[in-house]
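Each chain, letter by letter, is given below.
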Amino acid sequence: MQLHTRDVRQDVRELGALLGDVLEAQTSTASFETVEELRQSAIAYRKGEAGSREALYDVVADLDPETESVVARAFTTYFELINLAEERERVRVIREASQEGTLEDGILDTLDALRDEDVDEDLLERVLEDVLIEPTFTAHPTEARRKTVKAKLRSIANRLEGIDERRLTDLEHDQEWRHIIAEVTSLWQTSQVRNRRPEPTDEARNVQWYLENILFDVVGEVYEELEEEFHDEYPDLDVPKLFEFRSWAGSDRDGNPFVTPEVTEETLERQRSVVLERYSDALKRLSGVLSQDATRIDLGPELERSLKADRELLPVVADEVDERYPDEPYRQKLKLMRERLRRIEDVRPNGYREPQELMDDLAVIDASLRGTGAEQVADVYVEPLMRQVDTFGFTLASLDLRDHQENHTEAVHEALAHEGIDYQSRPEEERVELLTDAMLQEEPIVDLDEPGDVSETAQRVLRRFQKLGEWQREYGVSAIDTYCISMTEEPSHVLEVLFLADQAGVVSLPDHCGLDVVPLLETESALNGARRIMGTLFENEAYGKALAARNNVQEIMLGYSDSNKENGFLAANWDLYKNQRRLADICDDFDVTMRLFHGRGGSISRGGGPMNEAMLALPNETITGQIKFTEQGEAIAEKYANPRIAERNLEQMLNAQIRARLNAIRQPEEHVPDAWVDAMDTMATTARAEYRDLLESEGFVSYFEQATPITVIEELNLGSRPASRSDERSVEDLRAIPWVFSWTQSRCILPGWYSLAAGVEAYLDGGGDLDTLREMYDEWPFFRSTLDNAAMAIARTDLEIASDYADLADEELRETFFPRLQAEYESAEGLMLDIIGRDGLLKREWLEDSLRRRNPYVDPLNLLQTHLLAQNHRTDEEERTLRLTVKGIAAGMKNTG
């Protein structure tokens, strides 16, 4: 059976040709020929048909400002279109493998693995009861594309899907292609660069789009496939809730003064409206299906009782329903349910108070249908809606609040000082004691409504907690029930948040705690001090009561980004691995269930890479079944913009988490040979020292500023959050995203590999051997995942291009740092190939093909960018072109930060 009419080569070829036609029509033949000359010269060099890039340099040097802009737009648009072609190819591979039954890491693969492990139904039910996967969407500014541009690209993608998957007449095909031509023309005429910084509400709407338009529908399909495939092997299996979606967009206050209570409230309101509208639409569609005549079926007593109860709640509406739908009880029930949904957001009484009430009504309909022999109708139309309500509730995605610990400390200090209590000068132990006593007494100590004369920072924090109580009363506790504390270093940093929540009435010990308080451990000192921090909290009387009210589950967030920026790739990964095991031991000692929250970014150096592989590489001790992780920037679009890819992504994560939890149940403690641990300790220690020496070398910050486009990136309107934490210029002050983004742009992705070779060489020089490292790679998922991710960063690095960026730096700085980076890169590349035992760095052939296809088209953008960066004075048009090269390279590399 032929599922598709095209392939990726045809898509790339025809989209590229179409862009050329549009370029020539919209600019001039001369501009088109210039772009073609650059393209052909770059391809010739990459193929080895030209001995140097001199032809490229010559063309770029002779460009006038207007043609520079055309070149930047041409190659940027090309990558946007090629990304669509590759997305289409991913869908083809998924569909064809699914049809052939060869799709790896999916639902069928999960079932095969369970059969191989002889897992009975009782054990599987235990595993599934433990599993809860929580992707958490952030507004971190790594998405370089405008929303308008994304909308046009999505329209083109939908047309490509139609051409590829439907049997069309020649006329129909030509009509579809004309629409694509029109969209590409419009795309060319649309500005790629934002003229304003997006606001937090823009970012929240962006996240909501994926939830509303993709994941809302896909989730039901994943459950449906799981139950269908598992039915024969496990006929009585009851599949519980396995997914929950969360968001930081509109609620993450850390480093972003623009996320105000008004923004959070608007986000909560809109998310509720969006999800209620989706439910209402679903019930309306269901009404079109459930037209059964009451005189022909036995509804069952439960549905009759439910209808009677609704009529008592909504007598006027019930009369209208009886008149409109005589003898059609399901339609009567559904109309009354829609009315109760509408009343959630207005002043009229008897709306649904909580999602469970809607679930109960759907369950009554489901049971009634099954009682009439209409199981297929229930399976196809009612069951998926029940899964949606279970997953998305009345919130669409629960919000996490987040702020920096310093702000909470300042707010507590000032609020208590107004009451005559000295908090600031107290040592840590006395702070803990004061906060504990305050939470255990019945009356509040501070008045959040009238906190007195406090600073702007304190006022913002106190008002946020005061509003938190209002939000939970209006939207439900589950709508916003998590508070993450950045840069947690002490137990008091956690207790301060719990104290403020207590003063706001969100916490009322011992009976109620409406908040998970989540320490974010991201520095070396915090991770190494985890037992002191968490042990103090678990032994604390007030915190213990709060934990008990939250089912004794402690969420702990690990920061991959800042850990990497502080320690380097290899050392950071090893620290995170060890500290995850340490945290698991601490929680186990206090009989607390741990839920790790992995603060992963899109890039390799910030914890990126395939999420399912990362799940399988976690230490067994940490796999309680519940897992939470951030999804951000361009990774959101890559994973969730296309329904089939989104479904595939969820299935892969579910496969990994089921297998990982099963393995952890059977082997609670992961056995890692001492020789492997010693090897990692040796490598990480040297790697950290080498990395820190680089960052702390005199002149390195200046080199970074001169040899990357960081100053341009800081001015881009990527997100609502500032790029730096303060006005100081240091690597420590710079946020991890622009740090990685800058190195990626310059094709020297050192955050993903620098000091790796130094660490490995130290181990080998100290008596270690390659055979041990090869054994570690073959048998230890953590080590294999770490090296595979580093290999990807090495493969995406191009030091010949990076050399052009290095030439922008002062000669002394260049000669100090670039040879050092080059030597480390070359050593890392050679050692990696020796260890992993492959001919090439990448284990995925499609990724090699993608890089080979992209590199010749990224090169002209890099050369144009360095050309513009080298100019001391740029016109406004040249500044816009420079910013556009950043967008284009990001699209070409399919990565920002």
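Just so you know, these numbers come straight off a predicted model, no measurement behind them.

Chemist: Even after reading the chapter, I still don't get the overall build of the chain, so can you show me in this structure?
Modeler: Helix and strand counts for the chain stand at 38 helices and ten strands. Against the 2.2 N^0.38 benchmark of 29 Å for 897 residues, the chain shows a C-alpha radius of gyration of 29 Å, consistent with a compact globule. Dimensions along the principal axes, computed over C-alpha positions, put the chain at roughly 85 × 80 × 60 Å. Taking all contacts inside the chain whose residues are at least 6 apart in sequence as the whole, residues at least 24 apart take part in 82%.

Chemist: Would you take a moment to explain the layout of surface pockets for this structure?
Modeler: Over the atoms, a rolled probe matching the size of one water molecule traces out where space is still vacant. Its volume calculated, the second largest pocket comes out at about 890 Å³. Lining the second largest pocket we find 37 residues, and of these Lys 241, Glu 244, Arg 246, Ser 478 and Asp 481 sit closest to its centre. Where the lining of the second largest pocket is concerned, the elements lending two or more residues are α6 (121–130), β1 (132–137), α14 (355–371), α15 (375–392), β4 (480–486) and β8 (553–559). Per element, the largest residue contribution to the lining of the second largest pocket is four residues, and it comes from α15. Of the residues in the lining of the second largest pocket, the class split is 13 nonpolar, ten polar and 14 charged.

Chemist: Explanation requested: the pattern of salt bridges in the structure shown.
Modeler: Oppositely charged side chains can form a pair if their charged atoms are brought close together. Counted according to the given criterion, the structure contains 80 salt bridges. Taking the shortest distance from any N to any O, the salt bridge between Arg 370 and Asp 379 comes out at 2.8 Å. For Arg 370, a relative accessible area of 28% puts it in the partly exposed group. Between Glu 848 and Arg 852 there is a salt bridge whose closest N-O contact spans 3.7 Å. Linking Glu 848 with Arg 852, this pair stays in helix α37 (residues 845–869), spanning four residues, or about one helical turn.

Chemist: Mind showing me how you'd approach the nonpolar core here?
Modeler: For soluble globular proteins, nonpolar side chains are generally found buried alongside one another. If you look at the biggest cluster of nonpolar residues, it comprises 114 residues, and the most contacted ones within it are Met 683, Tyr 703, Trp 780 and Phe 783. For this core, the leading source of residues is helix α4 (residues 65–100), giving eleven residues. Trp 780 has contacts with Trp 574, Tyr 577, Glu 670, Val 672, Trp 676, Met 680 and Glu 775, leaving out every residue within four places of it along the chain.

Chemist: Hey, could you run me through the packing of helix α1 (residues 8–26) against α4 in this one?
Modeler: Two measures define how a pair of helices packs: the angle their axes make with one another and the distance between the axes. It is at 9 Å that the axes of α1 and α4 come closest, and there the two elements cross at 155°. Taken together, α1 and α4 sit at an angle that is classed as roughly antiparallel. When you trace α1 past α4, the crossing you get is right-handed. Mapping the contact onto sequence places Val 8, Asp 11, Val 12, Leu 15, Gly 16, Leu 19 and Leu 23 in α1 and Val 70, Ala 74, Thr 77, Tyr 78, Leu 81, Ile 82, Ala 85, Arg 88, Glu 89 and Arg 92 in α4. Of the residues that constitute the contact of α1 with α4, the class distribution is eleven nonpolar, two polar and four charged.

Chemist: How should I be thinking about the packing of aromatic side chains in this particular structure?
Modeler: Each aromatic ring pair is characterised by the separation of its centres together with the angle its planes make. Counting across every chain of the model gives 33 aromatic pairs. With centroids separated by 6.2 Å and ring planes inclined at 50°, the aromatic side chains of Trp 753 and Tyr 754 adopt a geometry described as tilted. Here the two residues Trp 753 and Tyr 754 agree in accessibility, since each one is buried. Aromatic pair Trp 780 and Phe 782: ring centres 5.2 Å apart, planes at 55°, arrangement tilted. The burial state of Trp 780 is the same as that of Phe 782; both residues are buried.

Calculation rules
- Residues numbered from 1 in each chain as written.
- Predicted model: local features only at pLDDT ≥ 70, side-chain atom pairs only at ≥ 80, totals over all residues.
- Heavy atoms only, no water.
- Helix = DSSP H or I, 4+ residues; strand = E, 2+ residues; numbered from the N terminus.
- Rg over C-alpha atoms; globule rule 2.2 N^0.38 Å.
- Contact = heavy atoms within 4.5 Å.
- 1 Å grid on protein atoms, 1.4 Å probe; cavity = no way out; pocket = protein on both sides within 12 Å on 5 of 7 lines; lining within 4 Å.
- Points joined across faces, edges and corners; volume = space filled by probe spheres on them.
- Nonpolar A, V, L, I, M, F, W, Y, C, P; charged D, E, K, R; others polar.
- Salt bridge = Lys/Arg side-chain N within 4 Å of Asp/Glu carboxyl O.
- Buried < 20%, exposed > 50% of the residue type's maximum accessible area, 1.4 Å probe, protein only.
- Core = buried A, V, L, I, M, F, W, Y, C linked by side-chain atoms within 4.5 Å.
- Axes fitted to C-alpha atoms, helices over the stretch in contact; angles between N-to-C directions.
- Parallel < 35°, antiparallel > 145°, perpendicular 65-115°, else oblique.
- Left-handed = near helix turned anticlockwise from the far one by under 90°.
- Phe/Tyr/Trp six-rings, centres within 6.5 Å; stacked < 30°, edge-to-face > 60°.

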